[in-house]
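A closer look at the structure
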Amino acid sequence: NKGASWEFYKDNETFLTRLNETKWLKHVSKLLEQTNKIVNCMINLKRNVFIEERKNNIDCSCILTSLVKICLNPKYRTIIGLENLIQKDWFLTGL
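These notes cover the structure that comes with them. As the structure is a computational prediction, the values presented were derived from the model and not from experiment.

What to know about helix H4 (residues 79-91)
- Buried residues of H4: Gly81, Leu85 and Asp89, and no others. Down the axis of H4, the buried side of the element spans an arc of 35°, and every buried residue falls inside it. Relative to its buried face, H4 has exposed residues pointing more than 90 degrees away, namely Ile79, Ile80 and Phe91.
- As for H4, its buried residues are in contact with helix H3 (61-72).

As for the environment of Lys75
- If you trace the backbone, Lys75 turns up in the loop between H3 and H4.
- Judged by its relative accessible area of 47%, Lys75 falls in the partly exposed class.
- Separated by 10 residues in the primary sequence, Lys75 and Leu85 have C-alpha atoms spaced 9.6 Å apart.

Definitions and cut-offs
- Every residue gets a number counted from 1 within its own chain, in the order that chain's sequence is written.
- Local features are withheld for residues below a pLDDT of 70 in this predicted model, meaning they are given only at 70 or higher, and side-chain atom pairs are given and counted only at 80 or more; totals for whole chains, interfaces and linings count all residues.
- Side-chain measures here rest on the full set of heavy atoms in the structure, leaving out hydrogens and waters.
- Partly exposed residues are those whose accessible area sits between 20% and 50% of the maximum for their type, while under 20% is buried and over 50% is exposed, using a 1.4 Å probe and protein chains only.
- Only runs of H or I of at least four residues qualify as helices and only runs of E of at least two qualify as strands under DSSP, and these elements are numbered from the N terminus.
- The directions considered for the arc run from the helix axis to the C-beta atoms.
- We call two residues contacting when some pair of their heavy atoms lies within 4.5 Å.

Fair warning: the whole summary comes from geometry, so function is off the table for now.
Set out below in C-alpha cells:
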C-alpha cells in the first residue's frame, strides 16, 4: 500500500521538522552540561551546590536536581528508585 507508506513518511517528516524546531536537543545538552558541572563540584571540590530558580528563563531546577540525584545515588538508577524520585520530586511538588 504505497499511499499509506507515503502518508506516514510525510507525517513523520513533518513531525521531525517540528521537533527539531523546538531545539530540544540543545536544551537537553545544556541540562546535561550543568548536571556534569554540579556533580563535579560536589564530588571533586567537596562543595555544596545551591540551584536557583531563574525568573527570566525556564525553571530547570527540578530537572537538574533529579539528574544530579541520579548521577550521585545508584538507588535512583533502578526502576524502583526512579519511580520514587519521580513521585517525590515531581508529583508531590505539583510538576
